[in-house]
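# Residue-level structural notes
Read off the chains here:
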Amino acid sequence: MISTTFTYRDALNFVSEERIRQSAPAVRAAFEQLNSRTGRGNDFLGWLDLPSQHDADMLMEIQAVTKKVSANSDVAVVIGIGGSYLGTRAVTEALQHHFSACRPTGAPKLLYAGNSISEDYLHDLLEVLDEVEYSLIVISKSGTTTEPALAFRVLKEHCENKYGKTTAAQRIFCITDANRGALRQLATNEGYTTFVIPDDVGGRYSVLSPVGLLPIAVAGFDIEKLLKGADEMRKVITQETDPEKNIAMQYAVLRYLLYQDRKTTELMVAYEPRLFYFIEWYKQLFGESEGKENKGIFPAGAIFSTDLHSLGQYIQEGERNLFETVISVKNAHHHVSIPFDKENIDGLNYLQQKSLQEINHTAEEGTRMAHVAGGVPNLRIEMDNISETSLGELIFFFEYTCALSGYMLNINPFNQPGVEAYKKNMFKLLGKPGV
Ligand code: PA5
């Protein structure tokens with residue numbers, strides 16, 4: 001049983017039911033290509049099996065490392081970029097206390113490195129690491145990506161200076177390819193504990209592999225529930241063959257039709273700030289998967305009502321090339337009462353009997369009505385609450401719809417040839433030997 005639902009009632013003002021029905025053969029073809037593993041990039045479909053076929057030894061090893069890191073570290077630094085860190089950040093920031101930086105949580109805090117080349121960022125991180133006990137989790141499938149490799153070189157030296165080479169080696173964990181790449185070679189030479197990113201799982205589809213599972217477990221969250229949620233979603237959306245009943249096919253069809261109508265930007269919206277990094281993860285997943293051959297919907301993101309006070313004007317009245325997908329969370333975990341005020345100078349007593357969650361939902365409803373009236377189609381994904389299980393559901397839902405959407409656009413959703421262009425120029429400008 002999944003708790004995630006998908007609705008598109010408001011999009012029917014923009015896309016007729018007739019067109020939705022006419023798209024059934026196209027989405028069914030994509031669905032069959034994906035499930036029979038015969039479509040483009042089919043050597044990168046290992047993510048389809050991650051929720052159901054995880055290796056018990058790997059999970060035990062993750063729990064053992066988690067215990068060790070929890071016992072000796074206040075902080076675990078996750079070194080990685082793109083798919084090598086965004087999934088972890090999406091899940092942990094959605095689950096952790098909003099102000100976990102300011103209070104003990106009983107688990108090591110995750111800090112991040114290697115996702116930029118900022119000198120000041122790394123400097124400040126080193127200052128923090130001078131004062132805390134820490135471990136390093138280095139993640140790179142290729143093992144050669146410049147940003148994390150540079151950060152790791154600096155942090156490895158810091159770790160060895162702080163703890164000595166032998167103890168540092170017990171505080172460094174690598175997640176990389178089974179055989180290839182500089183990180184694998186380094187890990188072998190130094191005797192680091194390693195986990196493998198399966199060959200057939202690309203970076204942005206890897207959150208349910210050790211890439212996400214290890215740091216998420218280290219941060220104190222239940223990875224078995226995350227996998228279970230993903231598996232429940234997998235069973236539902238890979239088995240329901242009727243496009244009118246399959247929520248992944250429905251979402252892929254709506255995106256496809258809206259794109260045909262030149263709605264070229266999807267604004268992924270949440271009303272919970274803790275979903276900020278989940279939306280960052282979505283942006284990478286869809287941007288890197290769909291944006292090819294001069295095609296693809298541009299994935300943008302916003303947190304409302306915050307961004308209604310910055311982007312709201314544009315969404316309401318700017319260029320009409322947008323549609324919105326709202327991730328709506330039904331239940332809050334906690335309650336904060338609104339006090340009654342005799343003076344009522346701020347005029348808020350009329351809200352006193354309502355919960356903040358109710359007011360947040362009302363903001364959502366009012367925004368939906370205004371945006372639809374302003375020409376912005378609205379799709380809606382609803383989850384009961386934010387938990388490991390519901391995030392697992394959502395992760396697999398987006399991965400699967402992303403693959404379906406890529407096939408409907410007739411592109412390979414699993415490669416990223418365009419990412420090489422900036423690297424080539426940068427290496428040339430830096431004078432990298434052999435370039
Ligand atoms: O999805 C992808 O494959 C990319 O975004 C990678 O995750 C990212 O470029 C990092 O690559 P690597 O893990 O090889 O360092």
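Following both chains from N to C, one finds helix H12 (residues 276-290) and helix H15 (residues 388-408) inclined at 20°, their axes separated by 9 Å at the closest point. Between H12 and H15, the angle falls in the class roughly parallel. Helix-helix and strand crossings are classified by hand; for H12 and H15 the assignment is right-handed. Where H12 approaches H15, its residues Phe-278, Trp-281, Tyr-282, Leu-285, Phe-286, Ser-289 and Glu-290 are matched on the opposing element by Leu-391, Leu-394, Ile-395, Phe-398, Glu-399, Thr-401, Cys-402, Ser-405 and Gly-406. Residue classes in the contact of H12 with H15 are distributed as 10 nonpolar, four polar and two charged.

The tally for this structure, following the rule as stated, stands at 26 salt bridges. For Glu-160, the salt bridge is made with Lys-165, and the minimal N-O distance between the two is 3.3 Å. On the accessibility criterion, Glu-160 (18% relative accessible area) is buried. You can call Lys-165 partly exposed: its relative accessible area is 45%. Measuring nitrogen to oxygen at the nearest pair gives 2.9 Å for the salt bridge that ties Glu-280 to Lys-283. Of this pair, Glu-280 and Lys-283 are both found in helix H12, three residues apart, which corresponds to roughly one turn of the helix. Three or more residues are tied together by salt bridges with common partners; here these are Lys-330, Glu-364, Arg-380, Glu-382 and Asp-384.

Reported here for the largest pocket is a volume of approximately 860 Å³. Taken together, 31 residues form the lining of the largest pocket, with Ser-142, Thr-145, Gln-416, Val-419 and Lys-423 sitting closest to its centre. Contributing elements (two or more residues each) for the lining of the largest pocket: strand E4 (134-140), helix H6 (146-163), H12 and helix H16 (420-430). With four residues, H16 is the single largest residue contributor to the lining of the largest pocket. Empty space within the second largest pocket amounts to approximately 660 Å³. Contributing to the lining of the second largest pocket are 25 residues, with His-98, Glu-272, Arg-274, Ala-332 and Gln-357 lying nearest its centre. Elements represented by at least two residues in the lining of the second largest pocket include exactly helix H4 (86-95) and helix H14 (356-373). Here the element with the most residues in the lining of the second largest pocket is H14; it accounts for four residues. In terms of residue class, the lining of the second largest pocket is made up of 11 nonpolar, 12 polar and two charged. Residues lining the lining of the second largest pocket come from more than one domain, with at least three contributed by each of domain 1 (5-38 + 226-408) and domain 2 (48-221).

All right, on to the domain arrangement of the protein then. Many authors give the size of an interface as the accessible area that is lost as the parts come together. As assigned here, the protein comprises domain 1 (5-38 + 226-408) and domain 2 (48-221). Each of domain 1 and domain 2 was reduced to a C-alpha centroid, and the two centroids are 30 Å apart. Across the boundary between the two partners, domain 1 contributes 29 residues, which contact 27 residues of domain 2. Roughly 2,500 Å² of surface becomes buried between domain 1 and domain 2 when both sides are summed, with 66% attributable to carbon and sulfur atoms. Looking only at domain 1, the three residues that lose the most surface to domain 2 are Leu-227, Arg-274 and Tyr-277, adding up to 30% of its buried area. In this structure, the connection of domain 1 to domain 2 is made through two salt bridges.

In space, the five strands of this open sheet follow the order E1-E10-E9-E7-E8, with mixed pairing throughout. Two strands close off the open sheet at either side, each with one partner strand: strand E1 (5-7) and strand E8 (298-303). On average, each strand axis in the sheet is tilted by 20° relative to the strand beside it, whichever way the strands run. The sheet contact formed by E1 and strand E10 (residues 378-383) spans three bridges and is antiparallel. The partner of Thr-7 across the bridge, within E10, is Arg-380. Here H14 sits on the sheet and contacts strand E9 (322-329) and E10; the angle it forms with E9, its principal contact strand, is near 165°.

Here the structure, examined in full by the defined rule, presents two cavities of 30 Å³ or more. Computed from the structure, the largest cavity encloses a volume of approximately 50 Å³. Surrounding the largest cavity, Tyr-271, Glu-272, Ile-327, Ser-328, Val-329, Gln-357, Asn-360, His-361 and Glu-364 form its lining. Residue assignment for the lining of the largest cavity shows that the elements contributing at least two residues are E9 and H14. It is H14 that provides the largest number of residues to the lining of the largest cavity, a total of four residues. Here the lining of the largest cavity is composed, by residue class, of three nonpolar, four polar and two charged. Its volume calculated, the second largest cavity comes out at about 40 Å³. Listed by contribution, the elements that provide at least two residues to the lining of the second largest cavity are helix H11 (247-260) and H15. If you tally residues by element for the lining of the second largest cavity, the top one is H11, at four residues. Considering only residue class, the lining of the second largest cavity consists of six nonpolar, one polar and two charged.

Attention now moves to H6. Along its 18 residues, H6 runs 25 Å from first to last C-alpha, staying within 8% of the 26 Å computed at 1.5 Å per residue. Along H6, the residues classified as buried are Thr-146, Glu-147, Pro-148, Ala-151, Phe-152, Leu-155, Lys-156, His-158, Cys-159, Glu-160 and Tyr-163. Immediately beyond the C-terminal end of H6, within one or two residues, lies Gly-164, with a positive phi of roughly 85°.

Reading the values: rules and limits
Residues numbered from 1 in each chain as written. Predicted model: local features only at pLDDT ≥ 70, side-chain atom pairs only at ≥ 80, totals over all residues. Heavy atoms only, no water. Axes fitted to C-alpha atoms, helices over the stretch in contact; angles between N-to-C directions. Helix = DSSP H or I, 4+ residues; strand = E, 2+ residues; numbered from the N terminus. Parallel < 35°, antiparallel > 145°, perpendicular 65-115°, else oblique. Left-handed = near helix turned anticlockwise from the far one by under 90°. Contact = heavy atoms within 4.5 Å. Nonpolar A, V, L, I, M, F, W, Y, C, P; charged D, E, K, R; others polar. Salt bridge = Lys/Arg side-chain N within 4 Å of Asp/Glu carboxyl O. Buried < 20%, exposed > 50% of the residue type's maximum accessible area, 1.4 Å probe, protein only. 1 Å grid on protein atoms, 1.4 Å probe; cavity = no way out; pocket = protein on both sides within 12 Å on 5 of 7 lines; lining within 4 Å. Points joined across faces, edges and corners; volume = space filled by probe spheres on them. Domains from an automatic or database assignment. Buried area = accessible area lost by both parts, 1.4 Å probe. Pairing = 2+ DSSP bridges. Expected span 1.5 Å × (residues − 1).

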